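# Secondary and tertiary structure notes
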Amino acid sequence: MTCALLFRLLLLMALVVPSPGKGLGPTSRLRYSRFLDPSNVIFLRWDFDLEAEIITFELQVRTAGWVGLGVTNRNTRTGSDLVVGGVLPDGNVYFSDQHLVDEDTLEEDGSQDAELQGLTEDAVYTTMRFSRPFRSCDPHDQDITSDTMRVLATYGLDDTLKLDRDRTFVKSIFLLQIVHPDDLDIPEDTIIHDLEITDFLIPEDDTTYACTFLPLPIVSKKHHIFKFEPKMVEHDETMVHHILVYACGNASVLPTGISDCYGADPAFSLCSQVIVGWAVGGTSYQFPDDVGVSLGTPLDPQWIRLEIHYSNFHNLPGVYDSSGIRLYYTAQLRKYDMGVLQLGFFTFPIHFIPPGAESFLSYGLCKTEKFEEMNGAPVPDIQVYGYLLHTHLAGRALQAVQYRNGTQLQTICKDDSYDFNLQETRDLPNRVEIKPGDELLVECHYQTLDRDSLTFGGPSTINEMCLIFLFYYPRNNISSCMGYPDIIHVAHELGEEVSDSMEGMMAMNNVEWTPENIKKAEKACKDAQQMVIIKTIDEVVENTTGWIPEIIPTTRGPCLESSGGKVEPQDKTPAGFRAAPVGLSSSSTATLRCLPLAALLFGQGALSWLLATLKVGV
């Protein structure tokens, strides 16, 4: 009887131990994967638990030596964190959370925040699987965030822990992808339609914007586009910078052929409402299961403008291209028709960035108070579910911030580690509601230490842009809402006498760009009145004005205490520290790190009951 009662108690105790929920165990399927090197020697799988803020990695390397995985930053490997491990010839494993004290030297962290889940070696691969918190309390660990992460992978040919630059690779990855394509539905009646430029001779120029107008599929009833992907000729991939598809108003008179989008014929710049877009580094994108681009109704566009930006920096002759966008559409309708709203700094030379700047911030304001008037009908609250960020080579970070009645509500989206070579449509973890009258501010952060002349806003890759595309529902007729500062005010603040905007732009070339003048220019641009330009799908334009509000920085979330390491003093505050949650160790035995009060009380009561029962039995 005693054994039976003991078994019953253990069963009750098991029921009150917190469930790992969506936690990832040593054998859980990891949804995401990527090769990290050009030769496909290093293969990474990963997945994460947003609620627990834990990420799990599985690194598989074609080697019999040690392997390492971590996170680094843009400019130097010094300070990178690196988890290393391997299997010795006698079968014993080694595993350690380390960091780089310089470009080549590893040192073990005082706090071991990576938890081993598996480490094996066979005739071909060494495979290491471990988990770690998004943010540990160890200053030597880089945070895992929704920004672009620069993943560092390295390995050795034996078990000697020594970095070799020929076997060390860095790849930019968006680790915290909210939606995986495998989690979405693919309708059985899916139809494919390609929008492409055919046999286009790429000019021998650094930058070309080629545009043509193409019809959308003709359907007898309403359909929804639910997915798109780039369609590129393999040898031209390095030349294609971005591809955009713009919806045309049905009243538009459109030209034929292919021409420069922003050249002598202004007709080739008609149609400004983006419906899908791809940029360098991006892949395919599938909309959430409840939204799609509407086709086949009287309100839907029948024609689009296809824009392809080519960067032929080597001025190669005789290269023909047939790139474009592949659309997937279905008659199985989604709940909402989606739209795209373009925000940011209006792209023209009033946007300037000084040379030699360690940091320079630009702003573009959107005021939505005129949306309803311009839409021609009431505008329902906008529900934003995804976004695409875009600058050129000097861009380092972007964010979009929402304000209501003069108060900052939230950061809609951001990336503090933006990489020009990784521009992809991303899903928000939670949908954001924008009401008529809200203000939306885009901030772009640039660095021009490698430049000795001004950088102006413009279409070329060596020019700059500051754009964020918000994917939302339900669709309205507003295509873009962008701002720019009063350049006359900026010139005056820099000591230049000008009387109009053209003179203001030209005066920037007269400024000596010392660090002091760079900061003065940044402040003048921020303090100047903003001109806000709002445009509809039918090319109706309205202007308004506004002022740049302050951005209140988002505070860091709490760090996670390791199971056996130190906690830094600056993280011992209620806002910056939390204990590690219950989790499973790498062995088959559960290790109880902490237990909620309710569970302890329940267990204490159960133990008292058992003792009383045993006394009765005796």
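Going by what an unreviewed UniProt entry lists, the protein is known as DBH-like monooxygenase protein 2 and is assigned to Vulpes vulpes. Per UniProt, the comment on the protein under Sequence similarities (unreviewed entry) is "Belongs to the copper type II ascorbate-dependent monooxygenase family." In its Cofactor (unreviewed entry) section, the UniProt record describing the protein reads: "Cu(2+)".

This next bit is on the environment of Pro 217. Mapped onto the secondary structure, Pro 217 falls in the loop between β14 (207-215) and β15 (223-231). By relative accessible area, Pro 217 is classed as buried at 12%. For the pair Pro 217 and His 193, spaced 24 residues apart in the sequence, the C-alpha separation amounts to 7.1 Å. With sequence-adjacent residues up to four places away left out, Pro 217 is seen in contact with His 193, Leu 295 and Tyr 329.

Attention now goes to the sheet that holds strand β2 (residues 42-49). Strand order in the open sheet made by the 5 strands is β1-β2-β3-β9-β8, with antiparallel pairing throughout. Of all strands in the sheet, those bounded by a partner on one side alone are β1 (32-35) and β8 (115-121). Each strand of the sheet is rotated relative to its neighbour by a mean of 15°, with strand direction disregarded. Alignment of strand β3 (residues 54-61) against strand β9 (residues 126-133), held across 8 bridges, turns out to be antiparallel. In the strand pairing of β9, Leu 59 is matched with Met 128.

Another point: the sheet that holds strand β36 (residues 530-536). Two pairing modes exist for strands in a sheet, parallel and antiparallel, and in both the strands are linked by backbone hydrogen bonds. A sheet is described by the order of its strands in space; here 7 strands give the open sequence β31-β28-β34-β25-β35-β36-β37, paired in mixed fashion. Two strands in the sheet have a free side with no partner beyond their single neighbour: β31 (426-434) and β37 (541-546). Along the sheet, successive strands turn relative to each other by an average axial angle of 25°, direction set aside. Two strands pair when backbone bridges link them, and β36 and β37 are joined in this way by 6 bridges, in the antiparallel orientation.

Once that is clear, we can look at unusual backbone geometry. In this chain, Tyr 473 is followed by Pro 474 through a cis amide linkage whose omega measures -10°. Within the element layout of this structure, Pro 474 appears in the loop between β34 (466-473) and β35 (478-485). Non-glycine residue Glu 53 carries a positive phi angle of around 60°. Position of Glu 53 relative to the elements: it lies in the loop between β2 and β3. For Asn 405, which is not glycine, the phi dihedral falls at a positive 55°. Examined against the element boundaries, Asn 405 turns out to sit in the loop between β29 (395-404) and β30 (407-415). A relative accessible area of 76% means that Asn 405 is categorised as exposed.

About the criteria used
- Residues numbered from 1 in each chain as written.
- Predicted model: local features only at pLDDT ≥ 70, side-chain atom pairs only at ≥ 80, totals over all residues.
- Heavy atoms only, no water.
- UniProt positions renumbered as here; feature names shortened; annotations may be inferred.
- Helix = DSSP H or I, 4+ residues; strand = E, 2+ residues; numbered from the N terminus.
- Buried < 20%, exposed > 50% of the residue type's maximum accessible area, 1.4 Å probe, protein only.
- Contact = heavy atoms within 4.5 Å.
- Pairing = 2+ DSSP bridges.
- Axes fitted to C-alpha atoms, helices over the stretch in contact; angles between N-to-C directions.

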